[in-house]
Amino acid sequence: MYNFTKYIEWPKAYQTGYFVFGIVGDTPLYDELTKMAQTKKIGNQPILVKKFSSASELDKCHLLYVTKGKSSELSNVIKKVKSGSTLIVTEQEGLVDKGAGINFVVRDNKQKFEMNTKSIETQKLKVSSNLEALAITVK
Amino acid sequence: MKRLIYILSLLLTVTSTVKAQFVQNNSMSKAEFYIQKAEFDSAQKYIDIAANHEEFTKQAKVWFYRSFIYKEQYKTKEKQDLNSSLRSECAISIDKLYKIDTANTYLTQAEPLVKYIASTYYNDAARAINNEDYKLANNNFAHYKHLQTLIKADENTLTNHEIQFKFAIATAISKGQDKVDSTQRHHLINIYKEILAIDKNNASANYNLSLLYYNEGVDIVNNMDYDMEFENLMATQEKIANLFSAALPYMLKAYEFNYRKEDTLEGLKNIYYGLNDTEKSNYYKQELESLQK
């Protein structure tokens, strides 16, 4: 997730203040990201990690991770963040076709990711072609 | 004049041949004589002369005597030497005896001697482990195994001894610690594989081998840097997945034999989690939880 931020450019308005990692649902990733936030920055922006239990609680995020258990909330999440510039990351087969910008999938016991550049660009984000090259599928 | 030279040279040839035969025959007799007097330095000297002569080299008696003499010399002079050359000579003689004595003239008499030398090699293999000289330990054990094979020792016992010996080396290398460096890990992997080559169902070797692969994967995960470039991240992930995949069959085998049930369940839960197989990870997690209730 941290690596994705190196290949995506957020609009100017998102390049000051905290870089917000949002998480919808429960995942051990929250603790990891919180730990990472203590030592890392995204560009010059310090990291803030926020946890949401549902789409209705969402506020401004740079990157929003929707856990597998909350996959059914994706459409509500998209509605909630559509006016902003949020990279939506999911981990459920098929969600790359349903509005997620990046979707984690398991192939041969390894984590891979699919990308939907159209969804990403709709959020006014610029994606590097290098990231596209690393994705297993690009839509 | 020519005739005189011819006679003289003929005489010289005959004399030297007769003398050589006398020396060899005499060497054998002298060796026997000194054995009876328990003067083994002299016995060694004469048996070596006899053993190097082509007339005797194919006689089982020479090699039987030679193994006896060198055994006595070893006992007197090099008993504390884990790498005794006198014992090596004894083992060489035993080996020759067993190859030559097809009529079984001396083998029954030699058996206690072979057993004795084999036991010293076994004990010294263990002592070499304590000294952390694993090369010598392996060498001594190989001698022990070879000698036991010559006397047709019970195969199951020998196999068990070999497995015990390899586990002893593994324990010494790891010093009983779970955390090992890459050199130790490499040695241990080889040892457990050797054990599994002897007994593929050895639960402990399966479990320990799995743990080595798994821990190596975990070490990589724990030392990963968030700043790692994506390409490296992918390559590292590949490496970790390969290690977890390598760990899996051995842990499953240990589980099959109910070996350290809680630990194997914990291991399977974690390995499957590392392989991104949440369903199977949860299956073993639940089994572990019900076992712990």
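Note: the structure precedes this text.
First, a word on what this report is: a plain description of the structure on this page. Just so we're clear, the structure is a prediction, and the values are computed from it rather than from any experiment.

Calculation notes
Residues numbered from 1 in each chain as written. Chains lettered and ligands numbered in written order. Predicted model: local features only at pLDDT ≥ 70, side-chain atom pairs only at ≥ 80, totals over all residues. Heavy atoms only, no water. Helix = DSSP H or I, 4+ residues; strand = E, 2+ residues; numbered from the N terminus. Rg over C-alpha atoms; globule rule 2.2 N^0.38 Å. Buried < 20%, exposed > 50% of the residue type's maximum accessible area, 1.4 Å probe, protein only. Contact = heavy atoms within 4.5 Å. Areas by Shrake-Rupley, 256 points an atom, 1.4 Å probe, with all protein chains shown as cover. Lys, Arg positive; Asp, Glu negative; His and termini not counted. Charge placed at Lys NZ, Arg CZ, Asp CG, Glu CD. Buried area = accessible area lost by both parts, 1.4 Å probe. Salt bridge = Lys/Arg side-chain N within 4 Å of Asp/Glu carboxyl O. Pairing = 2+ DSSP bridges. Axes fitted to C-alpha atoms, helices over the stretch in contact; angles between N-to-C directions. Expected span 1.5 Å × (residues − 1). Bend = angle between axes of the 7 residues up to and from the residue. Polar contact = N/O pair within 3.5 Å; in protein donor to acceptor, adjacent residues only side chain to side chain.

**Concerning the overall build of chain B**
Alright, step 1. A tally of helices and strands in chain B yields twelve helices and zero strands.
Alright, step 2. Taken against the 2.2 N^0.38 rule, which gives 19 Å for 293 residues, the C-alpha radius of gyration of chain B at 30 Å runs more than 25% over that of a compact globule.
Alright, step 3. Its C-alpha atoms put chain B at 105 × 45 × 30 Å along the principal axes.
Alright, step 4. The buried share among the 293 residues of chain B stands at 42%.
Alright, step 5. Considering only residue pairs separated by 6 or more positions, chain B has 58% of its internal contacts joining residues 24 or more positions apart.
Alright, step 6. In the form shown here, chain B has an accessible surface area of approximately 16,600 Å², with 51% of it arising from carbon and sulfur atoms.
Alright, step 7. Of note, chain B has its 35 positive side-chain charges centred 11 Å away from the centre of its 38 negative side-chain charges.

**Regarding the overall build of chain A**
Alright, step 1. If you tally the helices and strands in chain A, you get five helices and ten strands.
Alright, step 2. The globule rule puts the C-alpha radius of gyration for 139 residues at 14 Å, and the 14 Å found for chain A is close to it.
Alright, step 3. In terms of overall dimensions, chain A has C-alpha extents of about 35 × 30 × 30 Å along its principal axes.
Alright, step 4. Within the span of chain A, comprising 139 residues, buried residues form 49% of the whole.
Alright, step 5. Pairs at least 24 apart in sequence give 53% of the contacts found in chain A among residues at least 6 apart.
Alright, step 6. Here chain A has roughly 6,800 Å² of accessible surface; of this, 48% comes from carbon and sulfur atoms.
Alright, step 7. Across chain A, the centroid of the 21 positively charged side chains sits 5 Å from that of the 14 negatively charged ones.

**Examining the interface of chain A and chain B**
Alright, step 1. Taken together, the contacts link 18 residues of chain A with 16 residues of chain B.
Alright, step 2. Carbon and sulfur atoms supply 50% of the area buried between chain A and chain B, which totals about 1,500 Å² over both sides.
Alright, step 3. Area buried by chain A at its contact with chain B is led by A:N3, A:N109 and A:K110, which between them contribute 34% of it.
Alright, step 4. Applying the counting criterion to the chain A and chain B interface returns two salt bridges.

**With respect to the environment of B:M28**
Residue and element names in this part refer to chain B.
Alright, step 1. Relative to the elements of secondary structure, M28 occurs in helix α1 (residues 2–36).
Alright, step 2. Overall, M28 belongs to the buried group, its relative accessible area being 6%.
Alright, step 3. Counting along the chain gives 110 residues from M28 to N138, while the straight-line C-alpha distance between them is 35 Å.
Alright, step 4. Contact partners of M28, with chain neighbours within four places excluded, come to I47, A50, F56, K61, V62 and Y65.

**A look at the pattern of salt bridges**
All names here are of chain B.
Alright, step 1. Across all of its chains, the model carries 25 salt bridges over all chains by this definition.
Alright, step 2. Between K261 and E287 there is a salt bridge; the shortest N-O distance is 3.7 Å. In this pair, K261 is assigned in helix α11 (residues 261–274) and E287 in helix α12 (residues 278–292), connecting sequence segments 26 residues apart.

**Quick look at the sheet that holds strand β2 (residues 19–24) of chain A**
Residue and element names in this part refer to chain A.
Alright, step 1. What the eight strands build is an open sheet, ordered β3-β4-β2-β5-β6-β7-β8-β10; its pairing is mixed. The two strands at the open ends of the sheet, each matched to only one other strand, are β3 (41–42) and β10 (137–138).
Alright, step 2. Relative to strand β7 (residues 102–107), strand β6 (residues 87–90) is paired through two bridges, and the arrangement is parallel. What sits directly across from V89, in β7, is I102.
Alright, step 3. Across the face of the sheet, helix α3 (residues 74–81) comes into contact with β5 (63–66) and β6 while running at roughly 170° to β6.

**Looking at helix α10 (residues 230–256) of chain B**
Residue and element names in this part refer to chain B.
Alright, step 1. The terminal C-alpha atoms of α10 lie 38 Å apart, and with 27 residues this matches the ideal 39 Å at 1.5 Å per residue to within 8%.
Alright, step 2. Remark: the principal bend of α10, roughly 25°, maps to L248, with a proline, P249, within the next four residues.
Alright, step 3. Phi for N258, located one or two positions after α10, is positive at around 55°.

**Things to note about the side chain of B:S93**
Residue and element names in this part refer to chain B.
Alright, step 1. Structurally, S93 is set in helix α4 (residues 85–100).
Alright, step 2. Residue S93 is classed as buried on the basis of its relative accessible area, which comes to 0%.
Alright, step 3. Among the polar contacts made by the side chain of S93, one reaches the side chain of R66 at a distance of 2.9 Å.
Alright, step 4. Dropping the residues within four chain positions of it, S93 is found in contact with W63, R66 and S67.

**Details of the pairing of strand β4 (residues 45–52) of chain A**
All names here are of chain A.
Alright, step 1. Here β2 runs beside β4; their pairing, made up of six bridges, is parallel. Bridging from a neighbouring strand, F19 pairs with I47 of β4.
Alright, step 2. By the bridge criterion, two bridges tie β3 to β4 in an arrangement that is antiparallel. Within β4, the position partnered with I42 by the bridge is Q45.

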